[in-house]
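Report on the structure
The primary structure of each chain is shown beneath.
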Amino acid sequence: MKRKQFDTLVIDVMEKEQYDLPLHSHTYYEMVYVIKGSGEHYLNNNVFNYKGGDLFLLSPGDNHYIIFNKKSKLVFIKFTDAYFQDNKHLSPDSFSINSPLDIMQNQILKEEKLVFDEPCKSILRKTVENILSYNSRIDVAFSPLIFFQILSIFGLVQEAAKANNLSIDEGISTNGMISYINQNIYNPQKIRIKAIAGHFNIAQNYFSNYFKRNFEVSFKEYIDDYRIKLIEKRLELKENSIKQIANEFGFTDESHLTNYFKKHRNISPSQYSSTLKKYN
């Protein structure tokens, strides 16, 4: 199911005992802020436990649904591409390199949950409260005040990402390279040395030394380690078959994935899953 939205900005509040939407995606971008409650947020192929103060970022094409374990109150800030285009004249230069929409689409933020420490956690809560206080106005989509409040949320996301050692700032070449690799880990063609070197204007024969010097690990070791950890997450979640996981990560077939996994973990994916069941 794909939910559609034609208004450039919509702000909704939900307070219920149970989340009543099935697995779905959107044609728009969505920030989900948890005011109170607890449960699980299923986002793409990951599951995150949530509680009050958590924030999740969704972009078109992401699939998600939520399970309430305790009565929850959520705020949904939903906007289209046009919202930031219409307010482009208000955007600071600092967002010209890494725009809000780039941040929303960043794959790292779909694999890792942001943790907001103080004072960012309190500032985020107050910012959302400010947005809700102003939401009764009919011109909310055209309000510079609301736009700047939403921009401030992106600033807090960048602060939290930095504190959580998550590289989402494309303005820094080394972080930008890691972000590019992490976002394209599912596409083997895009993470070949030739493709990455070309994307970052680095000579192919210099790339391996450049990577090792900047990240203190070889390029191949980094790719293998990150890919294996993501595959392990999929197996732990138990929602996808080995065939589905193989397709997601660009392996030619299940056998290819099995051989790759055994090479790095000395155990097959099926055996890994069986081990998890044994200890759970």
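Below: a short report on this structure. All chains use their own residue numbering, which begins from 1 and follows the written sequence. Only residues with pLDDT of at least 70 are given local features in this predicted model, and only at 80 or more are side-chain atom pairs given and counted; all residues enter the totals for whole chains, interfaces and linings. The side-chain values count all of the structure's non-hydrogen atoms but skip hydrogen atoms and water molecules.

**Remarks on the environment of Ile-242**
- The residue Ile-242 is located in helix 10 (residues 242-248) in this model.
- The class for Ile-242 is buried, based on a relative accessible area of 17%.
- Those residues within four positions of Ile-242 in sequence are excluded, and the remaining contacts are Glu-254, Leu-257, Pro-269 and Ser-270. Secondary structure follows DSSP: runs of H or I at least 4 residues long count as helices, runs of E at least 2 residues long count as strands, and numbering of each begins at the N terminus. The cut-offs for exposure are 20% and 50% of the maximum accessible area for each residue type, with area from a 1.4 Å probe on protein chains only; residues under the lower value are buried, those over the upper are exposed, and the others partly exposed. When checking whether two residues touch, look at their non-hydrogen atoms; a contact exists if any pair is within 4.5 Å.

**A few points about the side chain of Glu-40**
- Within the secondary structure layout, Glu-40 lies in strand 4 (residues 29-43).
- Counted as positive: Lys and Arg. Counted as negative: Asp and Glu, with His and the chain ends omitted from the count. Whenever a carboxyl oxygen of Asp or Glu lies within 4 Å of a side-chain nitrogen of Lys or Arg, that contact is scored as a salt bridge. An unpaired buried charge is present at Glu-40: no salt bridge exists, and Lys-113, the closest side chain of opposite charge, is 10 Å distant.
- A polar contact is formed between the side chain of Glu-40 and the side chain of Asn-69, at a distance of 2.7 Å.
- Glu-40 has contacts with Val-47, Phe-48, Asn-49, Tyr-50, Tyr-65, Ile-66, Ile-67 and Asn-69, leaving out every residue within four places of it along the chain. Within 3.5 Å is the distance limit for a polar contact, defined as a pair of N or O atoms, with the added protein rule that one can donate a hydrogen and the other accept it, and that residues adjacent in sequence qualify only through two side-chain atoms.

**So, the packing of aromatic side chains**
- Here a Phe, Tyr or Trp ring, Trp counted by its six-membered ring, pairs with any other such ring whose centre lies within 6.5 Å, and the pair is stacked when the planes are under 30 degrees apart, edge-to-face when over 60, and tilted otherwise. Here the structure, examined in full by the defined rule, presents 21 aromatic pairs.
- Summarising the aromatic geometry, the rings of Tyr-29 and Phe-79 are spaced 5.8 Å apart at their centres and angled 10 degrees between planes, so their arrangement reads as stacked. Here Tyr-29 is found in strand 4, whereas its partner Phe-79 is found in strand 7 (residues 64-79), with 50 residues between them in sequence. With respect to burial, Tyr-29 and Phe-79 carry one shared label: buried.
- Joined through ring pairs, the aromatic side chains of Tyr-29, Phe-79, Tyr-83, Phe-84, Phe-147, Phe-148 and Phe-154 make up one cluster.

**Re the packing of helix 9 (residues 219-237) against helix 11 (residues 254-265)**
- A fitted line through C-alpha atoms serves as each axis, taken over the contacting stretch for helices, and the angle formed by two N-to-C directions is quoted from 0 to 180°. Between helix 9 and helix 11, the least distance of the axes is 11 Å, while the angle of their chain directions is 110 degrees. The orientation of helix 9 relative to helix 11 falls into the category roughly perpendicular. For the pair helix 9 and helix 11, contact is made by Lys-220, Ile-223, Asp-224, Asp-225, Arg-227, Ile-228, Ile-231, Glu-232 and Leu-235 and by Leu-257, Tyr-260, Phe-261, Lys-263, His-264 and Arg-265, respectively.
- Only Asp, Glu, Lys and Arg are considered charged in this grouping, and only Ala, Val, Leu, Ile, Met, Phe, Trp, Tyr, Cys and Pro are considered nonpolar; every other residue, Gly among them, is considered polar. Per-class residue counts for the contact of helix 9 with helix 11 are 7 nonpolar, 1 polar and 7 charged. Angle categories: roughly parallel below 35 degrees, roughly antiparallel above 145, roughly perpendicular from 65 to 115, and oblique for all the rest.

**Details of the nonpolar core**
- Counting 37 residues, the largest nonpolar core has Leu-9, Met-31, Phe-79 and Ile-150 as the members making the most contacts within it.
- Ranked by residues supplied to this core, first place goes to helix 5 (residues 144-163) with 10 residues.
- Contact partners of Leu-9, with chain neighbours within four places excluded, come to Ile-77, Lys-78, Phe-79, Tyr-83, Val-140, Ala-141, Ile-146 and Ile-150.
- Formed by 31 residues, the second largest nonpolar core is a distinct cluster that contains Ile-231, Ile-242, Ile-245 and Leu-257. In these notes, a set of buried Ala, Val, Leu, Ile, Met, Phe, Trp, Tyr and Cys residues joined through side-chain atoms within 4.5 Å is what counts as a nonpolar core.

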